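Coordinate inspection notes
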Amino acid sequence: MHRSLLLLALFSTTVLADSGSPVIDSATIDNAGQQYHGNVMVNQAAGDQQQQLNSRAIAVGTNANASTSLTQKINTGASTAIDAKAAIQGSSFSNGSGMLGVNQSAGANNQMINAVRLSISATPQSIDDSVLSQQNVALSPNSGSSTHPGSRQVATSDQAFTGSRGVIQVSQSAGVGNRMANTLSIRVAD
């Protein structure tokens, strides 16, 4: 009887390995972060070569200047034969207050940045696109010719984030080679 079970287990593993199905990457947040307060930063990734960053710069003073300079680089290739799903479910991050940054990705070679700069000063300040820098992600040389390009799914519950106040930054991605940036710069002068 033990030999039969071992043979069945080996057969099942072989069948799954030879099926040719794409890889499945799944990231799920379910009913998390409810009634948050303050500065909350969440990074969740499923897959390979994910880069995620939540950055906060706050400065207060006569010549205060909150500064951010963020760079992400990926130089390795990735296959598009990936089934990827990213989901924020239930009442996640509902009824909270403060500064919330959520990066969620599934797949490969995805880059995400949520950045906030806050300065309270008499000195003028500005932000431009050169403050945030990202390099293009590299796909595999035959990425466009895959026989199994994979499926992509991103879902956010209609109850997620309800009743929340403050700064809410969300980057959500499923796939290969996606780049996202949410930036906010606030200057309060005397």
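Above this text sits the structure in question.
Residues numbered from 1 in each chain as written. Predicted model: local features only at pLDDT ≥ 70, side-chain atom pairs only at ≥ 80, totals over all residues. Heavy atoms only, no water.

As summarised here, the arrangement of the three strands in space is E3-E7-E11, forming an open sheet in which the pairing is parallel. The sheet is open, and its two borders are formed by strand E3 (51-60) and strand E11 (179-188), each paired with just one other strand. Averaged over all adjacent pairs, the angle separating strand axes in this sheet is 0 degrees, with direction ignored. One ladder, built from ten bridges, connects strand E7 (residues 111-120) with E11; its direction is parallel. In the strand pairing of E11, methionine 112 is matched with methionine 180. (Pairing = 2+ DSSP bridges. Helix = DSSP H or I, 4+ residues; strand = E, 2+ residues; numbered from the N terminus. Axes fitted to C-alpha atoms, helices over the stretch in contact; angles between N-to-C directions.)

On to the sheet that holds strand E6 (residues 97-108). Sheet architecture is open: three strands sit in the order E2-E6-E10, paired in parallel fashion. Only two strands of the sheet have a single partner each, and these edge strands are strand E2 (37-48) and strand E10 (165-176). In this sheet, adjacent strand axes meet at a mean angle of 0 degrees when their direction is disregarded. In this sheet, E10 lies alongside E6 in parallel orientation, the contact comprising twelve bridges. Bridge pairing in E10 links glycine 98 to glycine 166.

For the rest of this paragraph, the subject is unusual backbone geometry. Of note in this structure, asparagine 31 is not a glycine but carries a positive phi near 55 degrees. Unlike most non-glycine residues, glutamine 35 shows phi in positive territory, near 55 degrees. Mapped onto the fold, glutamine 35 is located in the loop between strand E1 (23-30) and E2.

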